[in-house]
Structure formats: C-alpha cells, structure tokens
Amino acid sequence: MAEPEDTATSTSQSMPRPTLRELSSLKLSGLYKWYHLGLQLGIEEHILDRIEENYPRDSDMRQSKMFGEWLRSDTKASWSKLCEALMIVKEDKLVESISSTYGVSHHQKNIPQCIADFAKVAKEAFSEMELLPDEDWPPSIGRHESNLVLIEHPRHPLPGEKEVEEILKDYVGGNVDKIVEEKQEIKYEKVFGFLKPQDNPKFKFKMLIDGAPGVGKTVLCRRFCKDWAAGEILEEFPLVWLLHLRDPAIAKAESINDLFQHYDEDLLKEVVQYIKKKGGAGNLLIFDGLDELSKQERTQCSLFLDIIRGRVLPNCSVVVTSRPYASQQLQEMKIINHHIEVVGFTKDQIKECISQNITENAKAEQLIQALKQRLDILSLCYTPLNCAIMLYIYQQKDYRLPKTLTKLYTRYMIHTLKRSVSIHFQDLDPDDITDLKRLKEPIDLPFRALSKMAFQGLQDEQLGFNTDQLPQECKGGRGTKPELLGLMSASKFFSSSGRSLNYQFTHLT
C-alpha cells in the first residue's frame, strides 16, 4: 500500500490535517511513547506489533510508520486530535509546541489542583525509589527486569489445590520455557496496552499478577510506579498508589483515610475528599503482597476486599500481586479481568545471567555445563532470587556446586550469619561460624528461636511479624535483634499511633 501523500489538506480551517513529513519530525520523549500514542490514536495493537517487529532498532522509522498508518486509517486525522492523544501520554511540551506552531487550540483535562499537586509529590517519591530493596543481600545479579517473562492467561477453568501446587512447581521447577510456549507471552511495555480510557470516562480494570516467591512481583510494581512518574506508562491515571499489604496499617485499614495515613495529613485531606466524591475514578491502587496477609485476613471482611469487589471506590482500577495459592480467592470472585503471571528466567536467560556475573569465561562455561548434570540446582535458577543465591555460593566455594540442595542453603545461611557478625559483632570472628548446629552465643539462642518461628509461620501461613510476636530471645541484649542476624528484614511503617516495625524473613520465604 502506498504511503499517504505528503501534502497538506484539511477538513476545515479549525481542524488542519498534518502531513507525514510534519509528524515524522516530532520528537517524543520516551522509548515506548510511539506505541502508546498509536494506541491512543486508535491504531490496532497487532499493527503496532508488526511495526515493532519490522523496525526493532529504528525508533524514527517506527514513529514514522505509526503516523503513516494513522493518516491512512483515520480520515479525520487532525492536529487537534493528535494533541488530545499527546496530552493523554503526557507530552505536554510537545502539545504546546504544536499549538504555537500550527495555531491549534486544545484543552487540558479537568484535574483539580490538589490532585496535580499531590501527583507531583508522589512522582518525586517514586522517582527516588530504588527498584530493588536497599540491602543488597544476596548480592545483586543485575537489574535485568527484561529477564522476567510476563505471561497473559488464556481463559480456563480455575485450577484446584493440587493443580495450583503443580503450577507452582512449574514456576520454580525448571519449566519456564514450557510455560512460555504454552501461554501467550506479553512484553512489559504492553502489559497495559489495553488501556483506552478516552473511549469511556468510567473505564476501570482489576488486574492480578501472581508468581513464585522471589520471582520479581514487587520489583515489577516498583517499576510500574517509577515509569508512571517518568511519563512512560499509565498516563491515563492522574494518581497511582503503591500499597504494601505487609503494612499492618494498610492490611487493617477501616477507611480510605486509614489507607493513606502515612502521607502528609494537610496535603492529603482535600485529595481524599475528591477521591471519595469521584468513587476513585482516575486512581490506580497497586496492592502488593496478598499472600503476606494471614489466611484469616484474606477471607474476612476488610477494606481491601471491599475495594477489590467494587463496594468501596467503585470507579478505581486495581492491581494485586500474590503467590498462586493466595490468589485463588480473587479468581473465585470472578472480578479479575486481566491476569498476568511472572514466571522467571528461561534457560537462555539463566546462561546470560551466569555470563554477566562471572567475568571469567572458562568459569562461567564450567558452571553452565555443571548445571546440565545438576538439574536439582538448575531448577532453582529459574527464580531470580534463587539464581542469585546459587551464583554467590558457587563463587564462594572455589567455583564448585554443593553436592545437595540442603548443603546449598546451609552454606547460604552460614554466609548470611558470617556477614552479620562481620558487620555487627566486631569482637567475634566470622570464620568461627562453620556449622549451624554449633553456633555460639549471642547467636545460637536467637537463631534457634527464629528457626522455630519460621517453621510455625509456614504452618500458619504467616509471613510477617510485629515486634510483639518476636521470640523473647530476640528482644533483648546486643545482637539479638533479628535483622542483625541477617535472617529477617525490618520494614518501617507509620500509623496514627506512631512508627512501627514489621519483620519478614528473607524474601518472606
């Protein structure tokens, strides 16, 4: 099909029609903006996918082909219509430039000043937020979010308990390649490709994102927020909220004010009033960690569940992350209209990760070959967290793999304690820690108490603990605080009663 003629025509003086040459000269700010802009202009997703496949490394050509398709398919294409789409994808400066150059009038969305002010504060906070937790343990294998494969579920009957267990085994048992082949792969930048809220002012969605422990669900949520702050995605939402369900104040919130009480009260008051008035319209609430609630908290009446069901803030959109066993409840409610799985690394991505983290080529190849014989350890590496642990232990053990999985994790525990001793116990020798059964004080009693608490927590499906729930052995004396042993991390939360701490074992596992 021939390219549209590069001549200026117009349907009327007030609605001038742009030319392909003029459109191709526009400079969009983000890497994926051309794709999102194309969706807003009404171009079908499969056409944009074809453009991306044909020109994977030529951003200028992708943009030109997208605009060419728009001019071909939309007989009413105009600068005014383009400005409306550009405002949705947060290209305000480009809109102003077009307006002054071509005399195009446009209108901004009717967003109250309090919302705009609060969004600015939120975006600044998200921009400064790290993708990965502050404490780099186990040592990072690199921030390669693209190595996390996102899968969009086809519709099928809900699996039973045994089937859920099998699904989880596929996640962590080395069947990621099989999952990718059997289900529809979806790229990160297209997770929200279905969003076209300009067609419906009350547009909303409920999305579930699940996956195995350590696979990258929280990192994905943080990336959503950081990219929203940068204007890369979710441009349709004036406000995006990241709410961790491990925070007792959020898990036990009884009102909208309770949900957001850790924000500045004066700044928040007018915002909450507006959100309530609009029923949450234009807000995206990201609830991270459904599985971090106790079984009772997941099933009893709560504000969180009322929001999910649409009984509270019926016009807001929601994203929920969870491990598969806890997400069954949401699927049974039949309120989820988008379901994404984070499944971890494929075999090729594991090889790439090894090569990037072991600089000596011979040692890297030696590990790749060794894993072909050690399928038990290879099966762990499909989960990024476990891959990081394996790489660390391999390099600490003279580039050899432990003989069993038990020895792998035992060595990791020993190195975790060694690290804690070297940081917090200057008068103790880390090299004295060689056997978990022969620990000395002040390490031994807290370690045993925490081990017992971890086992009981798994039985009770409890992954988070407050200060009052910690063993007595961990509440007094130097070095007995759990975070100092390196086995637990402490998250600070704010409530009406002041600051509180919530403890979790390493990645809640």
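These figures come from a predicted structure and were not determined experimentally.

**Q** I'd love a proper account of the packing of aromatic side chains, names of residues and values included.
**A** Applying the stated rule across the entire model yields 9 aromatic pairs. Taken together, a centroid distance of 6.1 Å and an interplanar angle of 75° make the contact between Phe-205 and Phe-237 edge-to-face. Pair noted here: Phe-205 is in the loop between strand S4 (184-186) and strand S5 (206-211) and Phe-237 is in the loop between helix H10 (217-229) and strand S6 (239-244), with a separation of 32 residues, a long-range link. Of the two residues examined, Phe-205 and Phe-237, each falls in the buried class. Aromatic side chains Phe-287 and Phe-304 sit 4.9 Å apart centroid to centroid with 70° between the ring planes, which places their arrangement in the edge-to-face category. Of this pair, Phe-287 sits in strand S7 (residues 283-288) while Phe-304 sits in helix H15 (residues 303-309), and the two are 17 residues apart along the sequence. Clustering of aromatic rings is evident, with ring pairs tying together Tyr-188, Phe-192, Phe-205, Phe-224 and Phe-237. Between Lys-123 and the ring centre of Trp-228, over which it is positioned, the NZ or CZ distance is 4.9 Å. Stacked on the ring of Tyr-188, the Lys or Arg Arg-223 has its end atom at 3.6 Å from the ring centre.

**Q** Before we move on, can you summarise the environment of Ile-275 with the specific residues and values?
**A** Here Ile-275 shows up in helix H13 (residues 265-277). Ile-275 sits 36 residues away from Leu-239 along the chain, and the two C-alpha atoms are 9.9 Å apart.

**Q** Any details on the pattern of salt bridges? Residues and values, ideally.
**A** All chains considered together, the criterion is met by 12 salt bridges. Linking Lys-33 and Glu-91 is a salt bridge whose minimum nitrogen-to-oxygen distance equals 3.3 Å. With Lys-33 in helix H2 (residues 33-40) and Glu-91 in the loop between helix H5 (79-88) and helix H6 (92-102), this pair connects stretches of sequence that are 58 residues apart. Take Lys-33: its relative accessible area is 1%, and that puts it in the buried class. Each of Asp-49, Glu-52 and Lys-190 takes part in one network of salt bridges that share partners.

**Q** Describe the pairing of S5, with residues and values.
**A** Most of S5 sits out of view: 6 of its 6 residues are buried. Where burial is concerned, the two faces of S5 agree: the one with Lys-206, Leu-208 and Asp-210 and the one with Met-207, Ile-209 and Gly-211 are both buried. The sheet contact formed by S5 and strand S8 (residues 317-322) spans 5 bridges and is parallel. Of the residues in S8, the one forming a bridge with Asp-210 is Ser-322. In terms of strand pairing, S5 meets strand S9 (residues 338-342) through 5 bridges, oriented parallel. Across the sheet, residue Leu-208 finds its bridge partner in S9, namely His-339.

**Q** I'd love a proper account of the side chain of Glu-52, names of residues and values included.
**A** Within the secondary structure layout, Glu-52 lies in helix H3 (residues 45-54). Not counting residues up to four positions away in its chain, the partners in contact with Glu-52 are Trp-34, Tyr-35, Arg-62, Lys-187, Glu-189 and Lys-190.

**Q** Outline the pairing of S8, listing residues and values.
**A** Counting buried residues along S8, 6 of its 6 residues qualify, which places the element largely inside the surrounding structure. Alternating positions in S8 separate into two faces, Ser-317, Val-319 and Thr-321 on one and Val-318, Val-320 and Ser-322 on the other, with burial throughout. Where S7 lies against S8, 4 bridges are found, and the strand directions are parallel. Looking at the pairing, Phe-287 lines up with Val-320 of S8.

**Q** For the side chain of Arg-222, give the residues involved together with the corresponding values.
**A** Take Arg-222: it is sitting in helix H10. On the basis of relative accessible area, Arg-222 is assigned to the buried category, the value being 18%. Of the polar contacts made by the side chain of Arg-222, one reaches the backbone oxygen of Glu-130; its length is 2.7 Å.

**Q** Outline H5, supporting the account with residue identities and numerical values.
**A** By the criterion of burial, H5 is predominantly enclosed, with 8 of the 10 residues buried. Regarding H5, the residues found buried are Trp-79, Ser-80, Leu-82, Cys-83, Ala-85, Leu-86, Met-87 and Ile-88. Of the residues flanking the end of H5, it is Lys-90, one or two places downstream, whose phi is positive at about 60°.

**Q** Mind laying out helix H17 (residues 347-357), listing which residues take part and the relevant values?
**A** Among all positions of H17, only Gln-349, Ile-350, Cys-353 and Ile-354 are buried. All buried residues of H17 lie within an arc of 140° about the axis, which places them on one face of the element.

**Q** For unusual backbone geometry, give the residues involved together with the corresponding values.
**A** Of the consecutive residues Glu-441 and Pro-442, the connecting peptide bond is found in the cis state with omega at 10°. Position of Pro-442 among the secondary structure elements: in the loop between helix H21 (405-424) and helix H22 (444-459). For Leu-313, which is not glycine, the phi torsion reads 50° and is therefore positive. Here Leu-313 lies in the loop between H15 and S8.

**Q** Before we move on, can you summarise the packing of H17 against helix H18 (residues 361-373) with the specific residues and values?
**A** At a minimum axis distance of 9 Å, the contact between H17 and H18 shows a crossing angle of 150°. By the angle class used here, H17 and H18 are roughly antiparallel. For H17 against H18, the interelement crossing comes out right-handed. For the pair H17 and H18, the contacting residues are Lys-351, Ile-354 and Ser-355 in the first and Ala-364, Leu-367, Ile-368 and Leu-371 in the second. Considered class by class, the residues forming the contact of H17 with H18 number 5 nonpolar, 1 polar and 1 charged.

**Q** So, a positive patch on the surface: which residues are in play, and what are the values?
**A** Among the surface-exposed residues, Arg-400, Lys-403, Lys-407 and Arg-411 lie close enough to one another that they form a single positively charged patch. Checked against the element boundaries, Lys-403 lands in the loop between helix H20 (384-396) and H21. Classification of Lys-403 by relative accessible area gives exposed; the value is 68%.

Definitions and cut-offs
Residues numbered from 1 in each chain as written. Predicted model: local features only at pLDDT ≥ 70, side-chain atom pairs only at ≥ 80, totals over all residues. Heavy atoms only, no water. Phe/Tyr/Trp six-rings, centres within 6.5 Å; stacked < 30°, edge-to-face > 60°. Helix = DSSP H or I, 4+ residues; strand = E, 2+ residues; numbered from the N terminus. Buried < 20%, exposed > 50% of the residue type's maximum accessible area, 1.4 Å probe, protein only. Lys NZ or Arg CZ within 6 Å of the ring centre and 35° of its normal. Salt bridge = Lys/Arg side-chain N within 4 Å of Asp/Glu carboxyl O. Pairing = 2+ DSSP bridges. Contact = heavy atoms within 4.5 Å. Polar contact = N/O pair within 3.5 Å; in protein donor to acceptor, adjacent residues only side chain to side chain. Arc of directions from axis to C-beta. Axes fitted to C-alpha atoms, helices over the stretch in contact; angles between N-to-C directions. Parallel < 35°, antiparallel > 145°, perpendicular 65-115°, else oblique. Left-handed = near helix turned anticlockwise from the far one by under 90°. Nonpolar A, V, L, I, M, F, W, Y, C, P; charged D, E, K, R; others polar. Patch = residues over 30% accessible without salt bridge, like charges linked within 9 Å, V, L, I, M, F, W, Y side chains within 5 Å. Areas by Shrake-Rupley, 256 points an atom, 1.4 Å probe, with all protein chains shown as cover. Lys, Arg positive; Asp, Glu negative; His and termini not counted. Charge placed at Lys NZ, Arg CZ, Asp CG, Glu CD.

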